[in-house]
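This is what each chain is made of:
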Amino acid sequence: MDDFEPDYEPIEGEIPEPRSTIRGSSKRKSKVQSCPVCQGRFTNVRRHVICSHLPWYTSPLTACWTCKLQLAQEKLVQVHMVNIHNSQEEPHKFDTLQHGKRWTYLMNGLLDDIAKRIPVKFEGLIKFVQKHSDFSICSGGVHHWSDMPLLKLFNEVNIYKPSHLLHSAYPPTDPHSLLHWKILALLIAHTESGENLVTFEKELELHPTQRTKHLVSLVDSHFHLDLYLKETRHSGLPSLTWDETDRHVEIQFLISNYCFPRNWPSSKDRHQLRKDKRLLFTFGIHPRMVSRETKRQMESWLSDLEVLVEAKKVCAIGECGLDAQQASERDISRQMEVLDSQLQLAKVKQLPVVIHCRGLSGEDSTDDKCLGVMRKVLEKDHHIHRHCFEGNIGMYRKWKSYFPNCKFGISPFLLMEEKYPDIRSTVCNMDINDIIIETDAPYLSNKGGRTGCPSMTYDIAQKLANLFNVSLMEVASVTTSNALKLYKIKH
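- The name an unreviewed UniProt entry gives the protein is TatD, with Mytilus edulis as the organism.
- What UniProt records for the protein under Sequence similarities (unreviewed entry) is the sentence "Belongs to the metallo-dependent hydrolases superfamily. TatD-type hydrolase family."

Now the structure itself:
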């Protein structure tokens, strides 16, 4: 630090005495200048004023924006970064893109508060300086060349068109003239309790604009309303609309799957549910129900299902399929029979099918058995929702080759990379036009461990945008369009 120019330069050999001068001042007459605010004399009065009489942010280039500390010299900023932050990382220093608008709003807030304390109108500060004799010591004052980009920024953000040369400070002609260190310090000194303004911070946007928020419209193509309401103890769905920084998010449609017959809503309940215009419904028999119930019960439910699918706002049959987890060969055989019956109904009614398929992999996998039943019943162009897909890229291609109109539900599994590490690579190799977003709420909880919610469609969409290197808006648009086409939803 030996090559640093000191801010304050006391006379060599001066013997300390009881202080009658301002701390840091000097008596060397050949080099010192008087402070326009206090009684001190300093070799570099500008640095003294910036450090002692102005808020930290007024000279942004020599401040640490993390510590909110004014250092008054760029070299001292460098030393501070190494000693305090152990880094030369840019976030601590002033950056026009990161801090530019905030600095402008802070300066606006400071000038506005000065005007209120004097008191004059904000626009009257220029005339106040022009007419007040105390400011004559600023005669001939100009802005430092390093301040030019800041002054341009100040004018651009505030939509000011300067009437005179940018570097000219006194006499002031434009608002940016007031940012000169000496004028600003004198303005503060003219306010009541001006010393309090040294720690003052308030951001003020002079011309707030109504920022256009982009609409992000999403579809939760698979969740369980009955179980979600039971888990959350809600009487109905929440609004599922919220604002992010530059976008408005809404869950436009939600498709509630009723696949446990004992939970199928009554006619009265369905009438009430249909009042929520966002909701559509699917009805089916989950494969795990087969091993728990008698054949007679299954026949009764299949008969009821034929009636249910005729109800308003029913858009598909399912979820149905095969589940080999904790199932015997006999259970799988019965599941295939019940699946066949539901597929026959879907074919007659020309309704899409939501397929649940979990269990065995490799040769003679659950997927292969499920596809075998489906290919015997359904036409190749039938609409299929392959629910909660977590297979590999080979299985994805097999489903597409047999049913080209198949769409694959990407669930919160995508957000759980530690537990499901292979899904990321599979999704990256899929066509985004084959993807729909689903939450399977309330089953799949988020990272916080709370109950799964349809709002997690937004998290999945963000993840897809990163994986496909496209915008969130594009993911929302494509996946929403995919879901609407799959379920033949008119919008």
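## A closer look at the overall build of the protein
Next up, step 1: Within the protein, the regular secondary structure consists of 15 helices and 13 strands.
Next up, step 2: Out of the 491 residues in the protein, the part that is buried amounts to 52%.
Next up, step 3: Expressed as a percentage of contacts within the protein between residues at least 6 apart in sequence, the contacts between residues at least 24 apart total 68%.
Next up, step 4: Put simply, the protein shows about 25500 Å² of open surface, and 49% of that area lies on carbon and sulfur atoms.

## Focus on helix α7 (residues 225-232)
Along an α-helix, residues three or four apart share an orientation, since each turn contains 3.6 residues.
Next up, step 1: Listing the buried residues of α7 in full gives Leu225, Asp226, Leu227, Tyr228 and Leu229.
Next up, step 2: Where α7 is buried, its residues touch β5 (214-223), β7 (247-258), α8 (267-273) and β8 (279-283).

## Looking at the packing of aromatic side chains
Next up, step 1: Applying the stated criterion across every chain, the model contains 13 aromatic pairs.
Next up, step 2: Centroid distance tryptophan 242 to tyrosine 458: 5.8 Å. Interplanar angle 85°. Geometry classified as edge-to-face. Placement of tryptophan 242 in strand β6 (residues 241-243) and of tyrosine 458 in helix α14 (residues 456-468) is noted, with a sequence separation of 216 residues between them.
Next up, step 3: Its relative accessible area of 5% is what places tyrosine 458 among the buried residues.
Next up, step 4: Centroid distance tryptophan 264 to phenylalanine 283: 6.3 Å. Interplanar angle 85°. Geometry classified as edge-to-face. Placement of tryptophan 264 in the loop between β7 and α8 and of phenylalanine 283 in strand β8 is noted, with a sequence separation of 19 residues between them.
Next up, step 5: Here the aromatic cluster, defined as three or more aromatic residues joined through ring pairs, consists of Trp56, Tyr57, Trp65 and Phe94.

## Description of the pattern of salt bridges
Next up, step 1: Applying the stated rule across the entire model yields 17 salt bridges.
Next up, step 2: One salt bridge connects glutamate 201 with lysine 68, and the closest N-O pair in it is separated by 3.3 Å. Of this pair, glutamate 201 sits in the loop between α6 (181-189) and β5 while lysine 68 sits in the loop between β3 (63-64) and β4 (69-70), and the two are 133 residues apart along the sequence.
Next up, step 3: In this structure, the salt-bridge partner of aspartate 113 is arginine 117, at a minimum N-O distance of 2.6 Å. Taken together, the residues span about one helical turn, with aspartate 113 and arginine 117 both in helix α3 (residues 96-117) at a distance of 4 residues.
Next up, step 4: Linked by salt bridges that have partners in common, Lys68, Arg102, Glu201 and Glu203 make up one network.

## Focus on the side chain of aspartate 220
Next up, step 1: Relative to the helices and strands, aspartate 220 is located in strand β5.
Next up, step 2: Buried and unpaired, aspartate 220 has no salt bridge, with arginine 278 as the nearest side chain of opposite charge at 10 Å.
Next up, step 3: For aspartate 220, the side chain forms a polar contact with the side chain of threonine 439, separated by 2.6 Å.
Next up, step 4: The residues touching aspartate 220, leaving out its near neighbours within four places in the chain, are Ile251, Phe253, Leu254, Ile255, Ile437, Glu438, Thr439, Pro454 and Thr457.

The rules behind the values
Think of each chain on its own: its residues are numbered from 1, step by step along the sequence as written. Where local features are concerned, this predicted model is filtered to residues with pLDDT of at least 70; where side-chain atom pairs are given and counted, the filter is 80 or more; whole-chain, interface and lining totals use all residues. Each side-chain value is derived from all of the structure's non-hydrogen atoms; neither hydrogens nor water enter the calculation. UniProt positions are given in the numbering used here, feature names are shortened, and annotations may be inferred rather than shown by experiment. Starting at the N terminus, helices and strands are each numbered in turn, a helix being any DSSP run of H or I of at least four residues and a strand any DSSP run of E of at least two. The rule is simple: take the accessible area with a 1.4 Å probe, protein chains only, and divide by the maximum for that residue type; under 20% is buried, over 50% is exposed, in between is partly exposed. When checking whether two residues touch, look at their non-hydrogen atoms; a contact exists if any pair is within 4.5 Å. Each accessible area is a Shrake-Rupley result for a 1.4 Å probe, and residues are judged covered by the shown protein chains and nothing else. Stacked, tilted and edge-to-face are the three classes assigned to paired rings of Phe, Tyr and Trp, where Trp is represented by its six-membered ring and a pair needs centres within 6.5 Å; plane angles under 30 degrees give stacked, over 60 edge-to-face, the rest tilted. Salt bridge, as used here, is a side-chain nitrogen of Lys or Arg placed within 4 Å of a carboxyl oxygen of Asp or Glu. Only four residue types enter the tally: Lys and Arg on the positive side, Asp and Glu on the negative side, with His and both chain ends excluded. Polar contacts, as used here, are pairs of N or O atoms within 3.5 Å; protein pairs need one atom able to donate a hydrogen and one able to accept it. Residues neighboring in sequence count only if both atoms are side-chain atoms.

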